[in-house]
Every structure is written in structure tokens, then in C-alpha cells.
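# Residue-level structure breakdown
Residues per chain are reported as follows:
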Amino acid sequence: MDRLFQNKPKLKNYFHLHFLVFIAGFTAILGELITIKAIPLVWFRMVMASLLMLVYIKVAKVKLKVAPKSVLKLSFAGIIIALHWITFFGAIDESNISITLAMFSTGAFFASFIEPLIYKRKIIWYEILFGVLVIIGVFIITQSEIKYIKGIVLGISSAFFSSLFAVLNGHFLKRHTATIISFYEFLSGVFFISLFIILFGEGFSFEFFSIAKSDYIYLFILASICTAYAFIASVYVMKLISPYTVVLTYNLEPVYGIAMALILFPEKEKMSASFYYGAAVIIITVILNGILKNMRTLKRKDS
């Protein structure tokens, strides 16, 4: 009985981690519920998240001063995360949640090639094997769901941008706190999308802000719970749970998201058997990749 009570704090952290993964999967649900297009959706999300992050910075008294060179690097990453979110929600618009999340799972495949370029290390043999398996999974899905080809392309693009962003952030975390990184990235993302809307869109007209009340509510949930809170909480959880467990658990995001989509939107989200075979190949491959990488890291520490 005493051991049970001693493990309660750790158990609480594990539940918290799974709740954060659930929130990550719920992001796709909100993307389906929000009626505006991907570009204005991401603009509203990043503006609201920036303001909420600024409130947190003021309360926590975080110093925002960084070198101009670092601001430029963070700004580039901010554009990448903006492109990731735009293509992610664009994929939902062009297909559905299940297709988008299955394609988003290919991010581990891209990371296995982006990491060696950024960190100048050799490509590991099993990363190539897993990359081939991911391609097979995508091929199976594409063959059975060719009508969603635009969503598939956008989903894969989103996975690429997400992987690039994650690798860049891993590099930035060596010099800056996660809060400062995110704040500057959100600001640069807002500036980038604003410039795009002014130059290539209809501008910030009355119609741009004239959206449904329900959209504002969903956008606030997206910006507060699914962005600002999820980010700050994930940093806290990573201090209490091993990074391996965190990364491996986040691989369940598409599983949670697809399960929620099937429950909430059964008519739109019900896919062919081939889709689930392909999605299973991708998700299992991603999890195996995480396990092998952890084993490799442990061997290095022991040697």
C-alpha cells in the first residue's frame, strides 16, 4: 500500500502526459469544427497564443532579450511552424482528420534524414529500413484513398515542416529557454502570415474578422489549451518523465485523434480497410523507431 502512494505522483505525471497527447489529437478535431480556411485559422491561433504567452512571460517575469542573430534564426523557425500548421489544417480541409493524422505520422521518416544534416551525423541503417516501411504505408493509403490526394500531399508536407521545426528547436534549446523560443517564433509566424494576407490575400477587411461566434470559441480553445497550455505543460512534464517516454507517448497522437474522429464524425471519417492497414504500418514503424533510438542512446551512456 505504501508503494502505491509513493508512486502516485509519478502516475499523476503519466496521466498528465497522456492528457497532453489527447489534446494534441484534439487539435485536428478543432480544425474540423472551425469553419474558416487554414491561413486565417493559423493567423488567429498564433495571435491569440502570442498574447497568452506574453501574459505568462509577464507573470513569470521571463527576460525576452536575445541577440539579433538569434532572433533571425527563431524567426525562420516561426515561419516553418506557421507553414506546418497551414498545411496541417489545409489537409483537413482537403481530406479529413484520419488522412491528415496518418500522413502527419510520416514526420519520423523525415526527421531521420533531417537530423543527420543538422547535427552532422551518419544515417543509421534502420532509419532507412523504417523510411521504406513508411513509404509502403503511404502507398497503401494512397492506392485506396486516391480521391484525397491533395490532403495526402498537404499532410506529408505538414509532417516535413513539423520535423524540420522539431530538429531546429532541439538546436535552439541549447541556448534559449523554451518560452523565449516559442514567443519569438509565434510573433514571426504572425508577421509572415500577415504579410502574405496583405500581399496575396484580401487583406484585413471587416469580413476577415467577421467570423462565427463558435469559431472564436474554438479558436480560443485551440490557442489557449492546445497551444499555450500544452506547450508550457509539456516542458514541465519532460522534467519529470524521461524524454524517451514523452516522445514515444506522443506517437500515439494519431491513434487518439483518429479514434476521436471516428466517434465524433463517423460518416466522414469511416475509411476503407486498406487505409487502416497503411496507417498501422506507419504508426507501428514510428513507435519501433523510437524504441530502437532509445536503446541506442542507453548503450552510448553505458559505454
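Residues numbered from 1 in each chain as written. Predicted model: local features only at pLDDT ≥ 70, side-chain atom pairs only at ≥ 80, totals over all residues. Heavy atoms only, no water.

### Quick word on the overall build of the chain
Looking only at helices and strands, the chain has 14 helices and zero strands in total. Going residue by residue from the N terminus, the α and β elements of the chain occur as α-α-α-α-α-α-α-α-α-α-α-α-α-α. The principal-axis extents of the C-alpha atoms in the chain amount to approximately 60 × 50 × 50 Å. Within the chain, the proportion of its 303 residues that are buried is 48%. For the chain, the proportion of contacts with a sequence separation of at least 24, taken over those separated by at least 6, is 87%. One finds the centroid of the 28 positive side-chain charges in the chain at a distance of 15 Å from the centroid of its 15 negative side-chain charges. (Helix = DSSP H or I, 4+ residues; strand = E, 2+ residues; numbered from the N terminus. Buried < 20%, exposed > 50% of the residue type's maximum accessible area, 1.4 Å probe, protein only. Contact = heavy atoms within 4.5 Å. Lys, Arg positive; Asp, Glu negative; His and termini not counted. Charge placed at Lys NZ, Arg CZ, Asp CG, Glu CD.)

### Considering the environment of Ile114
Relative to the elements of secondary structure, Ile114 occurs in helix α5 (residues 107-119). The spacing of Ile114 and Asp215 is 101 residues in sequence and 36 Å in space, taken between C-alpha atoms. Not counting chain neighbours up to four residues away, the residues in contact with Ile114 comprise Phe160, Ser163, Leu164 and Val167.

### Some points on the pattern of salt bridges
For the structure shown, the criterion picks out one salt bridge. Put simply, Lys268 and Glu32 hold a salt bridge, and the shortest N to O gap is 3.0 Å. In this pair, Lys268 is assigned in helix α13 (residues 266-269) and Glu32 in helix α1 (residues 2-33), connecting sequence segments 236 residues apart. Note on Lys268: relative accessible area 36%, which makes it partly exposed. (Salt bridge = Lys/Arg side-chain N within 4 Å of Asp/Glu carboxyl O.)

### Points about helix α6 (residues 125-144)
With 20 residues, α6 ought to run about 28 Å at 1.5 Å a step, and its terminal C-alpha atoms sit 30 Å apart, in line with that. For α6, every residue scored as buried is listed here: Tyr126, Glu127, Phe130, Gly131, Val134, Gly137, Val138, Ile141 and Thr142. Projected down its long axis, α6 carries its buried residues within an arc of 155 degrees, all on one side. Of the exposed residues in α6, those oriented more than 90 degrees away from the buried face are Trp125, Phe139 and Gln143. (Expected span 1.5 Å × (residues − 1). Arc of directions from axis to C-beta.)

### A closer look at the environment of Thr35
Structurally, Thr35 can be placed in the loop between α1 and α2 (38-60). Taking the C-alpha atoms as reference points, Thr35 and Leu64, 29 residues apart in sequence, are found 35 Å from one another. Within the structure, the side chain of Thr35 is placed 2.4 Å from the side chain of Asp215, a separation counted as a polar contact. (Polar contact = N/O pair within 3.5 Å; in protein donor to acceptor, adjacent residues only side chain to side chain.)

### Points about the nonpolar core
If you look at the biggest cluster of nonpolar residues, it comprises 78 residues, and the most contacted ones within it are Met46, Phe89 and Leu219. Once residues lying within four places of it in the same chain are set aside, the contact partners of Met46 are Gly78, Ile81, Ala82, Trp85, Glu185, Phe186, Gly189, Val190 and Ile193. (Core = buried A, V, L, I, M, F, W, Y, C linked by side-chain atoms within 4.5 Å.)

### Looking at the packing of helix α4 (residues 97-104) against helix α7 (residues 149-172)
For any two helices packed against each other, one specifies the crossing angle of their axes together with the interaxial distance. One can describe the packing of α4 onto α7 by two numbers: an axis separation of 8 Å at closest approach and a directional angle of 40 degrees. It follows that α4 is oblique to α7 by the angle criterion. Crossing of α4 over α7 shows right-handed handedness. Across the interface between the two elements, Ile99, Met103 and Phe104 of α4 pack against Gly151, Ile152, Gly155, Ile156, Ser158, Ala159 and Ser162 of α7. Grouping the constituent residues of the contact of α4 with α7 by class yields six nonpolar, four polar and no charged. (Axes fitted to C-alpha atoms, helices over the stretch in contact; angles between N-to-C directions. Parallel < 35°, antiparallel > 145°, perpendicular 65-115°, else oblique. Left-handed = near helix turned anticlockwise from the far one by under 90°. Nonpolar A, V, L, I, M, F, W, Y, C, P; charged D, E, K, R; others polar.)

### A short note on unusual backbone geometry
Of note in this structure, Lys61 is not a glycine but carries a positive phi near 55 degrees. Mapped onto the elements of the fold, Lys61 is located in the loop between α2 and α3 (68-94).

### Here's the deal with empty space enclosed by the protein
The final tally for this structure, using the stated rule, is one cavity of 30 Å³ or more. Looking at the largest cavity, the residues that line it are Ala108, Phe109, Ser112, Glu127, Phe130, Gly131, Val134, Thr285, Val286 and Asn289. For the lining of the largest cavity, the elements supplying multiple residues, two or more each, are α5, α6 and α14 (273-302). Ranked by residue count, the leading element in the lining of the largest cavity is α6, at four residues. Here the lining of the largest cavity is composed, by residue class, of five nonpolar, four polar and one charged. (1 Å grid on protein atoms, 1.4 Å probe; cavity = no way out; pocket = protein on both sides within 12 Å on 5 of 7 lines; lining within 4 Å. Points joined across faces, edges and corners; volume = space filled by probe spheres on them.)

Taken by themselves, the reported measurements are silent on function.
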